[in-house]
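Coordinates in review
Residue-level listing of the chains:
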Amino acid sequence: MPSSGADVRLAVALSVKVLTGVPAARWDAPAGTLEWTCRETLEHLADDLLTYALRFGLAQPMAVPRVPLRITHDRPGGPGNVVFGDAAAGPEGLLTVVEACGGLLALAVDAAAPGTLAPHVFGASDPEGFAAMGVVETLVHTHDIAEGLGLTWEAPQDLSERALARLFPDVPVVEAPWPSLLWATGRIDQPGRPRRIDWRWYGTPR
């Protein structure tokens, strides 16, 4: 089955579920091995989901390299985003932002014609590819945040398998799809496969 808006919604719903209820004071911890805090990583996720969706809001997505929104940083070394959560709303408010941005991406990829291409730094991709990108961003960054917050979380194997097959055709599944996706994105090592330092995905339609 191809990746779709339903996959994006499921990934986001799982993320929101596991991250809901964590006290605000804990969100300043580093997110896994990233240089960003858990809150910054969640804002980055919302930003990814929104900007992916916006690409399909254009009549001709390939006419411009990106939607030229102003990018800002909350601090030096923090992620550069076009969207930030209201700090006064706390982590639950930011999770609402993530859910809304994920919903927009789901609507955008399902409404776009299957052959539509939109630009990405790793090469132009179609709606299915951007759906898979949204899933990977959500699953992997939820892993980062959960690790930073001391939570135990595992993504569904079937959801991981579809995204892995779409974006990482060069990565064979070892053990199971979810750990293989974590390996593909440089998060873990696996038997016989040291952790990746440089990695990328391949969104080009096949």
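Structure: above.
Residues numbered from 1 in each chain as written. Predicted model: local features only at pLDDT ≥ 70, side-chain atom pairs only at ≥ 80, totals over all residues. Heavy atoms only, no water.

1. Notes on the overall build of the protein chain
Definition in use: In this text, helices come from DSSP runs of H or I with a minimum length of four residues, and strands from runs of E with a minimum of two, each type numbered from the N-terminal end. Between the two quantities, the radius of gyration covers C-alpha atoms and the globule rule is 2.2 Å times the number of residues to the power 0.38. Only protein chains enter the calculation, and the probe is 1.4 Å; a residue is then buried if its accessible area is under 20% of its type maximum, exposed if over 50%, and partly exposed in between. Only heavy atoms matter for contacts: two residues are in contact if any of them lie within 4.5 Å across the pair.
Tallying secondary structure elements over the protein chain gives six helices and zero strands in all. Secondary structure elements in the protein chain, listed N-terminal to C-terminal, are α-α-α-α-α-α. What you see for the protein chain is a C-alpha radius of gyration of 16 Å, in line with the 17 Å of a compact globule of 206 residues. In terms of overall dimensions, the protein chain has C-alpha extents of about 45 × 45 × 30 Å along its principal axes. Taken across its 206 residues, the protein chain has 51% of its residues classed as buried. Considering only residue pairs separated by 6 or more positions, the protein chain has 66% of its internal contacts joining residues 24 or more positions apart.

2. A look at the pattern of salt bridges
Applied cut-off: By convention in these notes, a salt bridge is any Lys or Arg side-chain nitrogen within 4 Å of a carboxyl oxygen on Asp or Glu.
Taken as a whole and assessed by the stated rule, the structure comprises seven salt bridges. As a salt-bridge pair, arginine 162 and aspartate 7 come within 2.9 Å of each other at their nearest N and O atoms. Pair noted here: arginine 162 is in helix α5 (residues 157-167) and aspartate 7 is in helix α1 (residues 5-19), with a separation of 155 residues, a long-range link. Note on arginine 162: relative accessible area 18%, which makes it buried. A salt bridge links arginine 39 to glutamate 43, with the nearest nitrogen and oxygen atoms 3.7 Å apart. Here arginine 39 and its partner glutamate 43 are both found in helix α2 (residues 38-55), four residues apart, which amounts to about one turn of the helix. In this structure arginine 39 comes out as buried when scored by relative accessible area, which is 19%. Looking at glutamate 43, the relative accessible area reads 3%, which means it is buried. Through salt bridges with shared partners, one network takes in Asp126, Glu128 and Arg166.

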